[in-house]
Amino acid sequence: MATDTEVLVLGGGSTGCGIARDLAMRGLEVTLVERGNLTDGTTGRMHGLLHSGGRYAVSDQASATECIEENEILREIAGHCVEETGGLFVQRPEDADDYFREKLEGCRDCGIPARVLSGREAREVEPYLADDVKRAIEVPDAAVDPFRLCVANAVDAENHGTRIETHAEVIDLLRDGDDIYGVEVRHDSGPGKRAHGVAGTTEEITADYVVNATGAWAGQIAALADLEIAVRPSKGVMTIMNVRQVDTVINRCRPKGDADIVVPHETTAILGTTDEEVSDPDDYPEEEWEVDEMIDTLSELVPILEEARTIRSFWGVRPLYEPPGTGTQDPTDITRDFFLLDHAERDGVSGLSSIVGGKLTTYRAMAEEISDHVCEKLGVTASCATADEPLPGSENIEALEAGMDDFGLRSPVARRSKQRLGSRAREVLETDAPNPVVCQCEGVTRAEIRDAIADSGSDLNAVRIRTRASMGNCQGGFCCGTMASELHPEYDEATVRSALDELVQERWKGQRHALWGEQLSQAMLNYALHATTMNRDRDPAGEEDASLEYDAFDGGRPAAEPRTDGGKHGRNASRDRGDH
Amino acid sequence: MRVEIGVTTEMAIEDDVLVVGGGLAGAMAALSAADANDDARVRLVTYKQSTLRQASGLIDILGYTPAGEGPLVDPFDALESLPTGHPYERVGSEAVRDALAFFDEIAGDAYAGGHTNANALVPTHGGTVKPTARYPASTAAGLASDDRDALLVGFETLPDFDAPLAAAHLEAAGVPFDARGVTVPFPGIVRDDAKVTRYAHLLDRDETVTTGAGETGAREALATTVRDHLEDESRVGFPAVLGDDDADGVRAELADTLEVDVFEVPMGPPSLPGIRLEELLYGALEDAGVRVTSGVPVVDYETGANGSDEHIDHVVVDRNGTEIPHRADQYVLATGGLVGKGVRSERDRVFEPIFDCHVPHTPDRYDWFVDDVFGDQPYARFGLAPDRELRPVDATDEPEFVNLRAAGAVLGGYDYAAEKSGAGVSIATGYVAGKRAAEVVDR
Ligand SMILES: Cc1cc2nc3c(=O)[nH]c(=O)nc-3n(C[C@H](O)[C@H](O)[C@H](O)COP(=O)(O)OP(=O)(O)OC[C@H]3O[C@@H](n4cnc5c(N)ncnc54)[C@H](O)[C@@H]3O)c2cc1C
Ligand SMILES: Cc1cc2nc3c(=O)[nH]c(=O)nc-3n(C[C@H](O)[C@H](O)[C@H](O)COP(=O)(O)OP(=O)(O)OC[C@H]3O[C@@H](n4cnc5c(N)ncnc54)[C@H](O)[C@@H]3O)c2cc1C
């Protein structure tokens, strides 16, 4: 029987998109389905650290070695997604000297360039480090933008013929005896490219091979075919500050612990994180103590964090896994390595493999290993090219630097746009039409918003992750409406309105965890702007029976009627109506 | 007090009524104090720009009840049944009417809406309509209950107002007229990121601009640009950038040239109608002989003059690091809410920073909000609880100080954003607090 596609990838996170790109570049026909939007899972809710491997240099040297290799590759192939910040492992007086030494040796064993800085030297690099910081190890940690990285993989997969279907939730695995031959998906009316499936309909997609890359949800997918995968989802909080207090990744140099990393990310710094096992990756408590702990503990390293303004917090769940029988108690101790579960070997059911665990930093290596496995299953001999082929946007950064001035944007805007768009900047920004800034906080221009809309349709959250519009200090209070306007007239007014509502609600979700001080004042300002100035909270257009009795309200003062101002004479009576 | 010859910083500045905060509430308090007592020396001390520059310039009284019913045709009807503790309930509905009449007198022709008790529905830059009680003259021809067809004009370089979308939105809101929108270039604007004040000044000064039609004044160039798009509409709406100093002149000239009525759609910050209102109020303060000290914050206070810690002796103003005492008989606190920074918060508390007046709130900050962004938000009601004299009370309902009153957004117990009552509460409570303060001045 002819199948719809050769390989069907489930899950649109970094793992799934990385696999789709790898296989497509090897010439296979690929379809990827994702229940929400790209990056809706853990990929869009992670800390943004491109590990040097330093973190694992003592506890897990295999991971550490893989990290440094991939770190170097991603700087090459995904330059526009990586900011080379460098990183420090910082030792406070109460942190053990032994561990500091082990860390340094571990880095050297794993090939991670590492250099010791005195406390004073470390403070020269990062002036806001605490006065009593003893010393630090400098490593090549970097900041990575998971949204751009994941989208770039998806775009390149599409360029190689892949069908990427978002808002398509897998509701069943098609199983015939001991063979999996596809899935059934339900198309949703949710936001995003509403181009493919029709909302509310279901579709069976058959394939020669199915790859389950649904991360923390992999167990739920496997269960659809009566297979068991004991994923142990573990949540972590990340708290975003309003400015970049540090320009280098700051790690605490001690064995393990919560709240031990600060990552500079675009205009912000992100504090993280915690590690707490949860039972349901879609429903877990987001707790106040976690946010407090980020601020309280990390201000031991960077004291100004105590008083600084946070703009929002968000949580993600790690797709941790360990083979049956390992029985690790503390989730922090579960390996960060990934597992490729071939259900033919494991459960005697062919046609399906699942991937769980891993890190974003090593997504490409994971994808390579899995793609090798799939090719072997399908008898394909093509080899992997992803370590050498730059992702879209990453080619030719130098040529781009040279030509940037022409775009007529103010330099911080141009610089940021360029960073976001990489080598596509010229294509997107070179426009004769006026190109005003839509999002002031992040310096995002109209052309970029429109470019993102062309990609992601009426889903403004997808536009947001592509451009960073609405992700700065005001958290969209000032620009959500303007972003939505750019959908018109391509999309009708009702669609624009609901896309805007969706974005505003999403922005509010994260802000709730930062509601004190400046950010509470900002929230009130945003609320006033939306509810008071615009009456968006009580919009008659949104009401079921839009039967407002306009007649009953003030219609202006007709010029013909006697006036109450003591008969001051009007100007031109015919146009005088109400104009007083 | 220690006196050192030559150290002027320790000389207290003396007044009868001292108003702290120069937003709408503070300006109204100072004006009503000066009005109520000709002999009283009234001073207003204010720090940063007030929220008037962010607000739309509309004067909302009450658009919806606290329970969410509305839009209310008659805001005054509903005033009678507000919950205890609401600022309007504190001052009483009669005082709200008096305050509004006082405002109308000050605003004169600059504001309209006083000819009826009914609320007006004003088109907003987001495209919906909202109920308000007084609106700037520049908005008058735009009311949604007026059934004349309207052309909305937006500008390519001003993304905050998308005229075609706003027109479609108005129709979705069921307005009784046809609305159409067009987007045009603004003659003379060359930068994509020009400030709204740049648009206004181009028109104020009628600067010479070059368009396809050659060199003309900016007003004529704008009218020419719009004329090509005009069909049979008898009114044309623009985003609120039509002049600052000479807004009336700009509007009149556009109207004459286009032979239609011209109106402005209120916009978000920075808001020209808000700036115009601020200019109007500060002009009135000057006329009324109120002394205005601006750009400096009040940072502290001292009690104990009459041997009582319930009586404020003086407040301390920080002038570039020098602390200057300001003494008065009566004080009005009008420092704004969370936005104006008259109410502040930390991770575990909400407080009023100058006098540390009691701000009712739950200690757990996760009880300060609800999950629906437009739900019944507790934080929106944060502020001081006043008695009927508008004196802030402590946790046991006793006045914090005998000679301190509070007005405007620094008061709590109401959600002005949901109710559409922001400017109205500032006017009513500012008026009452200033009047009472002046009446009891001990002189
Ligand atoms: C708090 C935290 C911080 C982290 N920080 C870092 C870091 O700094 N550096 C780093 O390298 N790594 C970090 N990680 C790890 C990294 O984020 C993850 O390993 C990686 O993003 C996992 O990607 P994935 O594609 O496997 O999973 P996901 O991104 O979760 O993708 C799985 C996708 O499957 C979809 N899906 C689920 N069910 C269905 C269904 N029924 N039908 C269709 N689709 C479905 C989901 O919507 C989701 O999009 C962090 C993780 C966490 C939790
Ligand atoms: C975006 C927005 C839109 C709005 N739209 C409308 C609308 O359409 N219609 C409507 O009716 N209402 C609207 N409002 C509400 C209305 O503007 C406010 O409720 C009202 O202006 C509050 O006035 P206020 O004088 O109490 O406070 P503010 O305007 O905040 O003024 C307080 C002043 O006190 C000063 N101050 C603070 N601390 C000190 C100190 N220590 N020493 C000295 N000075 C100090 C501040 O710098 C400021 O100048 C809007 C509000 C916002 C924020």
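Residues numbered from 1 in each chain as written. Chains lettered and ligands numbered in written order. Predicted model: local features only at pLDDT ≥ 70, side-chain atom pairs only at ≥ 80, totals over all residues. Heavy atoms only, no water.

### Examining the overall build of chain B
Phase 1: Scanning chain B from terminus to terminus reveals eleven helices and 21 strands.
Phase 2: Here chain B has a C-alpha radius of gyration of 23 Å; the compact-globule value for 443 residues is 22 Å, and the two agree.
Phase 3: Across its three principal axes, chain B shows a C-alpha extent of roughly 75 × 55 × 40 Å.
Phase 4: Excluding contacts between residues fewer than 6 apart, the proportion of contacts in chain B whose partners are at least 24 apart in sequence is 66%.
Phase 5: Of the roughly 16300 Å² of accessible surface on chain B, 44% is carried by carbon and sulfur atoms.
Phase 6: The centroid of the 36 positive side-chain charges in chain B is displaced by 4 Å from the centroid of its 78 negative side-chain charges. (Helix = DSSP H or I, 4+ residues; strand = E, 2+ residues; numbered from the N terminus. Rg over C-alpha atoms; globule rule 2.2 N^0.38 Å. Contact = heavy atoms within 4.5 Å. Areas by Shrake-Rupley, 256 points an atom, 1.4 Å probe, with all protein chains shown as cover. Lys, Arg positive; Asp, Glu negative; His and termini not counted. Charge placed at Lys NZ, Arg CZ, Asp CG, Glu CD.)

### Concerning the packing of aromatic side chains
Phase 1: Taken as a whole and assessed by the stated rule, the structure comprises 17 aromatic pairs over all chains.
Phase 2: A centroid spacing of 6.1 Å and a plane angle of 65 degrees characterise the contact between Y527(A) and Y379(B), whose relative ring orientation is edge-to-face. Of the two residues, Y527(A) is situated in helix α17 (residues 517–533) and Y379(B) in the loop between β20 (349–351) and β21 (404–406); the pairing between them involves two chains. Each member of the pair Y527(A) and Y379(B) is classed as buried. (Phe/Tyr/Trp six-rings, centres within 6.5 Å; stacked < 30°, edge-to-face > 60°. Buried < 20%, exposed > 50% of the residue type's maximum accessible area, 1.4 Å probe, protein only.)

### Points about the site of ligand 1
Residues and elements named next belong to chain A.
Phase 1: By nearness alone, 32 residues border ligand 1, and T15, E34, T43, L49 and T361 come closest of all.
Phase 2: Between ligand 1 and the protein, one listed contact pairs a nitrogen atom with a backbone N or O atom of L49 at 2.8 Å.
Phase 3: In the environment of ligand 1, an oxygen atom lies 3.1 Å from a nitrogen or oxygen atom belonging to the backbone of L360.
Phase 4: In the complex, the protein chains occlude 95% of the 1000 Å² of accessible area that ligand 1 would expose alone.
Phase 5: When residues of the shell around ligand 1 are traced back to their parent elements, those giving at least two are α1 (14–25), β10 (168–176), β13 (231–241) and β18 (310–321).
Phase 6: For the shell around ligand 1, the class distribution of residues is ten nonpolar, 17 polar and five charged.
Phase 7: The residues that make up the shell around ligand 1 include at least three from each of domain 1 (2–42 + 147–230 + 336–378) and domain 2 (81–142 + 232–320). (Near = heavy atom within 4 Å. Polar contact = N/O pair within 3.5 Å; in protein donor to acceptor, adjacent residues only side chain to side chain. Nonpolar A, V, L, I, M, F, W, Y, C, P; charged D, E, K, R; others polar. Domains from an automatic or database assignment.)

### Notes on the site of ligand 2
Phase 1: Residues in close proximity to ligand 2 total 39 residues, the closest being T51(B), S56(B), V298(B), A409(B) and A423(B).
Phase 2: Nearby residues around ligand 2 are contributed by chains A and B.
Phase 3: One of the backbone N or O atoms of Y47(B) is found 3.1 Å from a nitrogen atom in ligand 2.
Phase 4: At 2.9 Å from a nitrogen atom of ligand 2 is found a main-chain nitrogen or oxygen belonging to V298(B).
Phase 5: For ligand 2, the protein covers 97% of the area, taking 1000 Å² as the surface of the free molecule.
Phase 6: A breakdown of the residues in the shell around ligand 2 according to their chemical character gives 19 nonpolar, 17 polar and three charged.

### Some remarks on the sheet that holds strand β9 (residues 179–184) of chain B
Residues and elements named next belong to chain B.
Phase 1: Spatially, the four strands line up as an open sheet ordered β9-β8-β12-β13, and their pairing is parallel. Every interior strand has two partners, whereas the edge strands, β9 and β13 (261–265), have only one. Strand after strand, the sheet turns through a mean of 25 degrees between neighbouring axes, direction not considered.
Phase 2: In the sheet, strand β8 (residues 150–155) pairs with strand β12 (residues 235–239) via three bridges, with the strands oriented parallel. Within β12, the position partnered with L152 by the bridge is G237.
Phase 3: Across the sheet, helix α5 (residues 163–172) touches β8 and β9, and the angle it forms with β9 is around 170 degrees. (Pairing = 2+ DSSP bridges. Axes fitted to C-alpha atoms, helices over the stretch in contact; angles between N-to-C directions.)

### A closer look at the domain arrangement of chain A
Residue and element names in this part refer to chain A.
Phase 1: Domain assignment breaks chain A into domain 1 (2–42 + 147–230 + 336–378), domain 2 (81–142 + 232–320) and domain 3 (431–576).
Phase 2: Taking only C-alpha atoms into account, the centre of domain 1 sits 38 Å from that of domain 3.
Phase 3: If you look at the interface, domain 1 gives eleven residues, while domain 3 gives nine residues.
Phase 4: Both faces considered, domain 1 and domain 3 share a buried interface measuring about 860 Å² in area, 54% of it formed by carbon and sulfur atoms.
Phase 5: At the junction of domain 1 with domain 3, the criterion picks out zero salt bridges.
Phase 6: Run the count over domain 1 and domain 3 and you get one residue pair in polar contact (both at pLDDT 80 or more). (Buried area = accessible area lost by both parts, 1.4 Å probe. Salt bridge = Lys/Arg side-chain N within 4 Å of Asp/Glu carboxyl O.)

### A short note on the packing of helix α1 (residues 24–36) of chain B against helix α9 (residues 272–287) of chain B
All names here are of chain B.
Phase 1: Running from amino to carboxyl end, α1 crosses α9 at an angle of 25 degrees, the nearest separation of the two axes being 10 Å. Judged on the interaxial angle alone, α9 and α1 are roughly parallel. Crossing angle aside, the handedness with which α1 passes α9 is left-handed. On α9, the residues touching L24, A27, M28, A30 and L31 of α1 are L281, A284 and L285. (Parallel < 35°, antiparallel > 145°, perpendicular 65-115°, else oblique. Left-handed = near helix turned anticlockwise from the far one by under 90°.)

### Some words on the pairing of strand β1 (residues 5–10) of chain A
Residue and element names in this part refer to chain A.
Phase 1: In terms of burial, β1 is largely enclosed, as five of its six residues are buried.
Phase 2: As paired strands, β1 and strand β12 (residues 202–212) are joined by five bridges and run parallel to one another. Note on β12: the bridge partner recorded for V7 is Y209.
Phase 3: Both β1 and strand β2 (residues 30–33) contribute to a ladder of four bridges, which runs parallel. Bridge pairing links V7 to V30 in β2.
Phase 4: In terms of handedness, the path from β1 via α1 over to β2 forms a crossover that is right-handed. (Right-handed = clockwise from strand over helix to strand, strands pointing away.)

### Considering the domain arrangement of chain B
Residue and element names in this part refer to chain B.
Phase 1: Domain annotation for chain B reports domain 1 (2–109 + 275–439) and domain 2 (125–265).
Phase 2: If you average the C-alpha positions of domain 1 and of domain 2, the two centres end up 35 Å apart.
Phase 3: In this complex, domain 1 contributes 15 residues to the contact, which on the side of domain 2 involves 14 residues.
Phase 4: Across the domain 1 to domain 2 interface the summed buried area is about 1200 Å²; carbon plus sulfur atoms make up 51%.
Phase 5: Ranking the residues of domain 1 by area buried against domain 2 places L58, I59 and R276 at the top, with a combined share of 44%.

### Some points on α1(B)
Residues and elements named next belong to chain B.
Phase 1: Taking 1.5 Å as the rise per residue, α1 with 13 residues should run 18 Å; its terminal C-alpha atoms sit 18 Å apart, in good agreement.
Phase 2: With eleven of 13 residues buried, α1 lies mostly within the body of the structure.
Phase 3: All of the buried residues along α1 are L24, A25, G26, A27, M28, A29, A30, L31, S32, A33 and A34.
Phase 4: Those residues of α1 hidden inside the fold are in contact with β2 (17–20), β3 (42–46), α4 (93–107), α9, β18 (330–333) and α11 (422–440). (Expected span 1.5 Å × (residues − 1).)

### Observations concerning the interface of chain A and chain B
Phase 1: Listed as interface residues are 68 residues of chain A and, on the opposing side, 87 residues of chain B.
Phase 2: Note on chain A versus chain B: buried area summed over both sides is about 6900 Å², and carbon and sulfur give 57% of it.
Phase 3: Counting the contacts that link chain A with chain B gives eight salt bridges.
Phase 4: Across the pair K420(B) and D537(A) runs a salt bridge whose closest N-O atoms are separated by 2.7 Å.
Phase 5: In this structure, the connection of chain A to chain B is made through 31 residue pairs in polar contact (both at pLDDT 80 or more).

### Quick notes on the pattern of salt bridges
Phase 1: Going through the model one piece at a time under the given rule, you end up with 80 salt bridges over all chains.
Phase 2: Residue R388(B) pairs with E89(B) through a salt bridge whose shortest N-O separation is 2.7 Å. Here E89(B) lies in helix α3 (residues 87–91) and R388(B) lies in the loop between β20 and β21, a separation of 299 residues in the sequence.
Phase 3: With a shortest N-O distance of 2.9 Å, D104(B) and R134(B) are connected by a salt bridge. Of the two residues, D104(B) sits in helix α4 while R134(B) sits in the loop between β6 (129–132) and β7 (135–136), which places them 30 residues apart along the sequence.
Phase 4: Its relative accessible area of 26% is what places D104(B) among the partly exposed residues.
Phase 5: Accessibility expressed as a relative area gives 6% for R134(B), which makes it buried.
Phase 6: What emerges from the salt-bridge pattern is a single network uniting R92(A), E94(A), D95(A), D132(A), R252(A) and E300(A).

### Let's talk about the confidence of the model for chain B
All names here are of chain B.
Phase 1: Here chain B averages 93 in pLDDT, while 97% of its residues score no lower than 70.
Phase 2: Every residue in residues 1–9 is under pLDDT 50, and counting partners more than four places away or in other chains gives seven contacts.
Phase 3: Two summary scores accompany this predicted model of the complex, namely pTM at 0.80 and ipTM at 0.96. (pLDDT = per-residue confidence, 0-100.)

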